[in-house]
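Listed here are the chains, written in short residue letters.
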Amino acid sequence: MKVEVGKNTIIAIAGASASGKSLFASTVYQELVAELGGERIAILSEDAYYRDQSHLSFEQRTLTNYDHPAAFEHELLATHLRALRSGKAIQMPQYSYKIHTRIDETITVQPAKVILVEGILLLTDEKLRDQFDITVFMDTPLDVCLLRRIKRDLEDRGRSLSSVTEQYENSVRPAFFEFIAPSKQYADLVVTRGGKNQIAIDIIKAKIRQLLAE
Ligand code: UZR
Ligand code: MG
């Protein structure tokens, strides 16, 4: 999109729920940190910016549509990206999928030359898009995402099979077609076959190495 020499670079990774965004971003991040150290690369997740819902009861929280842009505090994410760009550390919130709200602890993210951020709706928001220098879309088939999502939500996010299938039909699938799929047009790079696509990982790593060498 608009990479300028000598500046920070923000790389956004979007795509369907359970398409492999987190795996792709964390693999790029961890492999580069092992090679170059962690001072010049940072990683953020859009999920951390789900709105705080501590003022609502647990019952009320289960009614939120977590696949809709309104569920996210994108303004705070945009503010944090601007802060990181200007050399200031931020306190990234932490979100619990089990209690559907933020926990009290935050994670300190130090400013870095290259900032990776991943999440389902990043490319749907114009104010966020304006901040991204490089955009990636994980184009994983939806049936693969669904199978992965069932496994993950049962194992890691404290869900039952019926709650996963209900949520899938009511919000995850409709939001994919309404918001996520149309946002693919804003991607510089489309990645097929999920978060283990090592060629795509290597291409992004090579670009980051080049940016860090400038
Ligand atoms: P990823 N999500 C929840 O299920 N509960 C929450 O409290 C917050 C989020 C789900 C959300 C979305 N939607 O599909 C997914 N639903 O987390 C995004 N329904 O996370 O990109 O890691 O799949
Ligand atoms: Mg994820």
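Treat the numbers as computed from the prediction; the structure is a model and nothing was measured. (Residues numbered from 1 in each chain as written. Chains lettered and ligands numbered in written order. Predicted model: local features only at pLDDT ≥ 70, side-chain atom pairs only at ≥ 80, totals over all residues. Heavy atoms only, no water.)

Our focus in this paragraph is the site of ligand 1. Taken together, 18 residues are adjacent to ligand 1, and Ser-17, Asp-67, Tyr-95, His-100 and Arg-149 come closest. Arg-159 places a polar side-chain atom, nitrogen or oxygen, 3.0 Å from an oxygen atom of ligand 1. Relative to its free-state accessible area of 500 Å², ligand 1 is covered by the protein chains to the extent of 99%. Taken atom by atom, the bulk of ligand 1 overlaps the largest pocket. With three residues, the single largest contributor to the shell around ligand 1 is helix 6 (residues 161-180). Here the shell around ligand 1 is built from residues that sort into seven nonpolar, four polar and seven charged. (Near = heavy atom within 4 Å. Polar contact = N/O pair within 3.5 Å; in protein donor to acceptor, adjacent residues only side chain to side chain. Areas by Shrake-Rupley, 256 points an atom, 1.4 Å probe, with all protein chains shown as cover. 1 Å grid on protein atoms, 1.4 Å probe; cavity = no way out; pocket = protein on both sides within 12 Å on 5 of 7 lines; lining within 4 Å. Sits in = over half its atoms within 2 Å of the grid points. Helix = DSSP H or I, 4+ residues; strand = E, 2+ residues; numbered from the N terminus. Nonpolar A, V, L, I, M, F, W, Y, C, P; charged D, E, K, R; others polar.)

This brings us to the UniProt feature "binding site: ATP" (unreviewed entry) in the chain. In the UniProt entry, the feature "binding site: ATP" (unreviewed entry) is given for Gly-15, Ala-16, Ser-17, Ala-18, Ser-19, Gly-20, Lys-21 and Ser-22. Restricting the annotated residues just mentioned to those that line the largest cavity leaves Ala-16 and Ser-17. On the basis of relative accessible area, Gly-20 is assigned to the buried category, the value being 11%. Excluding its chain neighbours within four sequence positions, the residues that come into contact with Gly-20 are Met-138, Arg-148 and Gly-195. Residue placement: Lys-21 occurs in helix 1 (residues 21-36). Judged by relative accessible area, which is 8%, Lys-21 ranks as buried. Not counting the four nearest positions on each side in its chain, Lys-21 is found in contact with Ile-13, Ala-14, Gly-15, Ala-16, Glu-118, Gly-119, Ile-120 and Met-138. (UniProt positions renumbered as here; feature names shortened; annotations may be inferred. Buried < 20%, exposed > 50% of the residue type's maximum accessible area, 1.4 Å probe, protein only. Contact = heavy atoms within 4.5 Å.)

A grouping of Phe-58, Ile-99 and Ile-103 is seen on the molecular surface, where their side chains present a nonpolar patch of about 240 Å² in accessible area. Inspection of the secondary structure puts Ile-103 in strand 4 (residues 101-109). For Ile-103, a relative accessible area of 32% puts it in the partly exposed group. (Patch = residues over 30% accessible without salt bridge, like charges linked within 9 Å, V, L, I, M, F, W, Y side chains within 5 Å. Salt bridge = Lys/Arg side-chain N within 4 Å of Asp/Glu carboxyl O.)

Attention now goes to empty space enclosed by the protein. Under the defined criterion, the tally for this structure stands at one cavity of 30 Å³ or more. Estimates place the volume of the largest cavity at around 60 Å³. Lining the largest cavity are Ala-16, Ser-17, Asp-67, Leu-142, Tyr-168, Val-172, Arg-173, Phe-176 and Ile-180. Ranked by the residues each element gives to the lining of the largest cavity, the list is headed by helix 6, at five residues. Classifying every residue of the lining of the largest cavity gives six nonpolar, one polar and two charged. (Points joined across faces, edges and corners; volume = space filled by probe spheres on them.)

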